[in-house]
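Residues per chain are reported as follows:
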Amino acid sequence: MSRFRRFLRTPEAVAGAIILAALIAMALSASLLFPGDPQAIAGPALLPPFQDWSLPLGTDRLGRDVLAELFHGARTSLAVGLAAAAAALAVGSVVGTLAGFAGGFIDEVLMRITDAFQTVPSFLLALAFVSVVGPSLGIVVIAIALGTWTGPARVARAEVLSIRERDYVASARAIGMHPLAIAFREVLPNALPPVLAMSSVIVAAAILTEAALSFLGLGDPNRVTWGGMIAEGRTVLRTAPFLSIVPGIALVLTVLGVYLAGEGIVETTAVRRGLQ
Amino acid sequence: MSGFTISRRTMLAGSAMLLASTAMPDTGWAQTPKKGGRLVLAADSEPRNLNPAIVASNGVFFISSKIVETLAEASFDGKDGLAPRLALSWEGAADGLSVTFKLRDGVKWHDGKPFTSADVAFSALQIWKPLQNLGRTVFKDLAAVETPDDLTAVFKFAKPTPFQLIRNALPALSSVVPKHIYEVGKIEDNPANNAPIGTGPFKFAEYKAGQYYRLTKNADYWGKDEPYLDEIIYQVLPDRTSAASALEAEEIQLAAFSAVPLADLDRISKVPGLKVISKGYEGLTYQLVVEINHRRKELADLKVRQAIAHAIDKDFVVKTVFLGYATTATGPVPKNDPQFYTADVPTYPFDVAKANALLDEAGYKKGPDGKRFTLKLLPAPYFNETKQFGDYLRQALAAIGIDAQLVNNDSAAHIKAVYTDHAFDLAVGPPVFRGDPAISTTILVQSGIPDGVPFSNQGGYKNDALDALIAKASETLDTTARTDLYKEFQKEVAADLPLINVAEWSFISVARDTVGNIANNPRWAVSNWADTYLAG
């Protein structure tokens, strides 16, 4: 309870949480408020915002409702961001734990693989992967995770290296627990907090990467994405700038919200640790 | 501060000219061509092979048509729509077995060697027929080219070949390259493919990848007082949005081939000093086509194809996707073609209820989720408009219960997926009509074309009656009879729908007021620009 109150006392964290809550509400309510296909043609093309209250944010080049696209886009952005981050964290912490706990040859191999992935810019990796395999939501998630799992892996390994020398690990060994059981039941849970602290940055980066991929036409074409909306609007940037600006603002707010909320959580936990 | 005065002065000059033009409507723009100057224009692609005799495509012509000339060029008022270039006259024999070209005298290649009938014979037999993408079909029966003297070339055909077809093919297919350059080594690897040598008004000077192509004036050009320009610079601007800003900033003076997005035209037409021109592309009509894979059992059913045709609101497509810069299509020959077009074909007015009824009749009832079946839809990535039409088609199909899943590919992957792997159900393609259905149109529906030939029938469509009609037209010599057969062809295609023609469009040029003699032939952007000039 006190942690929650401390969280509430940091204004950035509250702002982040509010934005995030609004986004999640948008994503969840998308099908209720805008049932049917968000890409359906709803009105005249290129209607400016605030002209027709049945289409408050206007329409795009084909006459699709921008507000409906925005709501459904929130869903894609959050889904991809969270899924990619979850995948990256899961893979990263497993690899990091194995490397740190096993040591020796396995450690060397796993860390060199991590190095190999780290030397390629993660966006290029995602770009290459999607263009080879073909764009769909699952592929985009994998592509983003592919470039981001190395951070968590390194952090997890460092943490495991210190934890594995602790007494309770030695005692677990002494009572004959299987090394894998020790690694994943005893060590990993304790190594997780610093890894999870990275999640806000990873989610924010994943949302941005997804938007960038969609902007380049490598997103799932059958789904509304904010990056795709910005790319669509770019061709009419001079005549209908709102088509790029609206999803652009949504994107900025989302990344900001995720980041602030994440930082808030990290800070409150850090304070707690400090007090102890 | 000085920047302001300059812009105000140009503003004033512009409005003064505008006033002058309204005061003296007859003389307003009839300026005498001025010599000299450098024309800078936007180029959105960088073709590596610049040999128009091998790669007969608009992207290559755009640059190399100024360097390498054809036997004849399209013309608004010439006989049969042609104006002489390297050939002065052309005559077809009554039996369809030979065509005689009289060539222009005193023409020199850019390296100083004289141009003769041997060059024409070499280009036709060694390049157009075996290597050129379009020439392979048109010149397939070309057996020999006789050169009784330096200025006469007689094309001999093994089978009767309609003179009308050869004539219509001249502007795009007859680029003549020098024999003395190409007879050494392999033609495909000749360095002149990247630095062309021709007879045209401009010489190839240099190419800096990612930056520009530079052409300089050919002082020995055969045209009297031509060319007017000293230099042409093709500024590489792959980003379509940047062409408009470059025009406004006076960095470039011309953006052809709709380099300025259609959505920007309305705004840019109001900018003083710039003009928007929709003429000069009449001979380069692009067709917006839904390509159909007839291997899918649903699409093999004529009723389903008719339903899809009824589900497309062509007027909406013209108005929204093309912003009015297009016309609706009725069949495989565009409405603006003066020789072959017929409006007397079955049409498919926009009618969702009828489309739904047709699908019900065909036995594809809506499932509980409102869907009948799912299709893979591949819009070609070459134009914004083809991609946008893909988005529209998906929605139009959703309205009749067909769930179309879009698959986006880059150009290379799209060509492979559609024309080699046949991994599509529906595709959106932009074939070009080149003045005669036999050049690049009948191939879209004809059967028996090997896998991997791009822009051909790769949908597995086979209609013996249509094949017979195409074969008959290809050997009918009489112009009227041949034209009638192609009218029949349009009817048959519109009735059986091997593909669905949605719209026809061409391009828009935006230029500064100072650029003169723009759009004075139907293939202006890909003609030689010998008479183009810069005033003021």
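Quantities reported herein were computed from a predicted structural model and do not represent experimental measurements.

A look at the overall build of chain B
The helix and strand inventory of chain B stands at 16 helices and 22 strands. The C-alpha radius of gyration computed for chain B amounts to 24 Å, which stays within 12% of the reference 24 Å derived for 536 residues, consistent with globular compactness. Taken along its principal axes, the extent of the C-alpha atoms in chain B is 70 × 70 × 45 Å. Split into buried and exposed, the 536 residues of chain B put 49% on the buried side. Contacts in chain B between residues at least 24 apart in sequence constitute 70% of all its contacts with a sequence separation of at least 6.

Details of the overall build of chain A
Each helix and strand counted, chain A has twelve helices and zero strands in total. Sequence-ordered secondary structure for chain A, helices as α and strands as β, is α-α-α-α-α-α-α-α-α-α-α-α. Across the 276 residues in chain A, those meeting the buried criterion constitute 46%.

Thoughts on the sheet that holds strand β4 (residues 87–92) of chain B
Residues and elements named next belong to chain B. On the basis of which strands lie adjacent, the open sheet formed by four strands has the order β4-β5-β7-β6 and antiparallel pairing. Strands with a single pairing partner mark the edges of an open sheet, and in this sheet they are β4 and β6 (142–149). The sheet shows a mean angle of 20° between the axes of neighbouring strands, direction not considered. Where β6 lies against strand β7 (residues 152–157), five bridges are found, and the strand directions are antiparallel. Bridging from a neighbouring strand, Ala-144 pairs with Lys-156 of β7.

As for the UniProt feature "domain: Solute-binding protein family" (unreviewed entry) in chain B
Sequence positions flagged by UniProt for "domain: Solute-binding protein family" (unreviewed entry) are, in local numbering, residues 82–429 of chain B. Counting secondary structure, residues 82–429 of chain B comes out at 29% helix and 23% strand; the distance between its end C-alpha atoms is 29 Å.

A word on the environment of Asn-336 of chain B
All names here are of chain B. Turning to its location among the elements, Asn-336 is positioned in the loop between β14 (327–328) and α11 (352–361). Through-space distance from the C-alpha of Asn-336 to that of Val-176 is 28 Å; in sequence the pair is 160 residues apart. Setting aside residues up to four positions removed in sequence, Asn-336 forms contacts with Glu-282 and Thr-285.

Re the packing of helix α9 (residues 302–311) of chain B against α11 of chain B
Residues and elements named next belong to chain B. One can describe the packing of α9 onto α11 by two numbers: an axis separation of 8 Å at closest approach and a directional angle of 165°. Taken together, the axis directions place α9 and α11 in an arrangement best described as roughly antiparallel. Seen along the crossing, α9 lies across α11 with a hand that is left-handed. Residues Lys-303, Val-304, Gln-306, Ala-307, His-310 and Ala-311 of α9 form the contact with α11, whose own contacting residues are Val-352, Lys-354, Ala-355, Leu-358, Leu-359 and Glu-361. Here the contact of α9 with α11 is built from residues that sort into seven nonpolar, two polar and three charged.

Digging into the nonpolar core
Ala-255 and Leu-393 of chain B are the most contacted members of the largest nonpolar core, which totals 223 residues. No other element matches helix α3 (residues 66–102) of chain A, which puts 16 residues into this core. With residues up to four places along the chain from it excluded, the contact list for Leu-393 of chain B reads Val-290, Ile-312, Leu-377, Ala-404 and Val-428 of chain B.

Quick notes on the UniProt feature "transmembrane region" (unreviewed entry) in chain A
All names here are of chain A. Under the local residue numbering, the UniProt record ascribes the feature "transmembrane region" (unreviewed entry) to residues 78–102, 123–146, 195–219 and 240–262. Counted over residues 123–146, helix gives 88% and strand 0%. Its end C-alpha atoms are 10 Å apart. The annotated region residues 240–262 carries 91% helix and 0% strand content, and the separation between its end C-alpha atoms amounts to 35 Å.

Considering the packing of helix α5 (residues 122–133) of chain A against helix α10 (residues 199–215) of chain A
Residue and element names in this part refer to chain A. Look at α5 against α10: their axes get within 11 Å of each other, and the N-to-C directions meet at 45°. On the basis of their axis angle, the class for α5 and α10 is oblique. For the crossing formed where α5 meets α10, the hand is right-handed. Facing Phe-123, Ala-126 and Val-130 of α5, the residues of α10 in contact are Thr-209, Ala-212 and Leu-213.

Topic: the UniProt feature "domain: ABC transmembrane type-1" (unreviewed entry) in chain A
Residues given the UniProt feature "domain: ABC transmembrane type-1" (unreviewed entry) here are residues 74–262 of chain A. Secondary structure across residues 74–262 of chain A comprises 83% helix and 0% strand; the distance between its end C-alpha atoms is 18 Å.

Quick look at unusual backbone geometry
All names here are of chain B. The peptide bond linking Glu-226 to Pro-227 adopts the cis configuration, its omega dihedral lying at -5°. With phi around 60°, Glu-250 is a residue other than glycine that occupies positive phi space. Mapped onto the fold, Glu-250 is located in the loop between α7 (240–248) and β11 (254–255). Look at Glu-250 and you get partly exposed, because 14 C-beta atoms sit within 10 Å. Positive phi is not limited to glycine here, since Ala-519 has a value of about 60°. Its 17 C-beta neighbours within 10 Å are what place Ala-519 among the partly exposed residues.

Details of the interface of chain A and chain B
Contacts between the two partners involve 18 residues from chain A, matched on the other side by 17 residues from chain B. The residue makeup of the side of chain A that touches chain B, split by class, is eight nonpolar, six polar and four charged.

Points about the environment of Asn-521 of chain B
Among the secondary structure elements, Asn-521 of chain B is positioned in the loop between β21 (515–516) and β22 (533–534). Separated by 411 residues in the primary sequence, Asn-521 of chain B and His-110 of chain B have C-alpha atoms spaced 25 Å apart.

Topic: the confidence of the model for chain B
All names here are of chain B. This prediction gives chain B a mean pLDDT of 88; 94% of its residues lie at or above 70. Looking at the elements of chain B, mean pLDDT is at its lowest for helix α1 (residues 2–23), recorded as 44, and at its highest for α9, recorded as 96. For this predicted complex, the interface confidence score (ipTM) comes to 0.82, while the overall pTM stands at 0.82.

Details of helix α9 (residues 179–197) of chain A
At 3.6 residues per turn, the α-helix brings residues three or four places apart onto the same side. Residues and elements named next belong to chain A. For α9, spanning 19 residues, the distance from its first C-alpha to its last is 26 Å, which sits close to the expected 27 Å at 1.5 Å a residue. Roughly 50° is the biggest bend found in α9, and it falls at Leu-188, with proline Pro-189 one to four residues downstream. For α9, the full list of buried residues reads Ala-183, Glu-186, Val-187, Leu-188, Ala-191 and Val-195. At its buried positions, α9 is contacted by α3, α7 (150–163) and α8 (167–174).

Things to note about the environment of Thr-347 of chain B
One can find Thr-347 of chain B in the loop between β14 and α11. Along the sequence, Thr-347 of chain B and Ala-43 of chain B sit 304 residues apart, while their C-alpha atoms lie 38 Å from each other.

The rules behind the values
- Per chain, residues are indexed from 1 in the order of the written sequence.
- Following the order in which they are written, the chains are lettered starting with A and the ligands numbered starting with 1.
- Per-residue local features are limited, in this predicted model, to residues with pLDDT of at least 70; the limit for side-chain atom pairs, both in listing and counting, is 80 or more; totals at the level of whole chains, interfaces and linings are taken over all residues.
- What counts as a helix is a DSSP run of H or I of at least four residues, what counts as a strand is a run of E of at least two, and both are numbered from the N terminus.
- Radius of gyration here uses only the C-alpha atoms, and the compact-globule reference equals 2.2 Å multiplied by the residue count raised to the power 0.38.
- Between the buried cut of 20 or more and the exposed cut of 12 or fewer other C-beta atoms within 10 Å of a residue's own C-beta lies the partly exposed class, and all C-beta atoms are placed from the backbone.
- By definition, residue pairs are in contact when their C-beta atoms, positioned from the backbone, come within 7 Å.
- Any two strands between which DSSP finds at least two bridges are classified as paired.
- Working convention: axes come from line fits to C-alpha atoms, limited for helices to the stretch in contact. Angles between N-to-C directions cover 0 to 180 degrees.
- UniProt positions are given in the numbering used here, feature names are shortened, and annotations may be inferred rather than shown by experiment.
- Convention used here: angles under 35 degrees read as roughly parallel, angles over 145 as roughly antiparallel, angles from 65 to 115 as roughly perpendicular, and any remaining angle as oblique.
- By convention the crossing between two helices is left-handed if the near helix lies anticlockwise of the far one by an angle smaller than a right angle, and right-handed if it lies clockwise.
- When residues are grouped by polarity, Ala, Val, Leu, Ile, Met, Phe, Trp, Tyr, Cys and Pro land in nonpolar, Asp, Glu, Lys and Arg in charged, and all others, Gly among them, in polar.
- Residues enter a nonpolar core if they are buried, belong to Ala, Val, Leu, Ile, Met, Phe, Trp, Tyr or Cys, and are joined to the set through C-beta atoms within 7 Å.
- A residue's pLDDT is the predictor's confidence in that residue, given on a scale from 0 to 100.
- To estimate the expected span of a helix, subtract one from its residue number and multiply by 1.5 Å.
- Note that the bend at a residue is defined as the angle between axes fitted to the seven residues ending at it and the seven residues starting at it.

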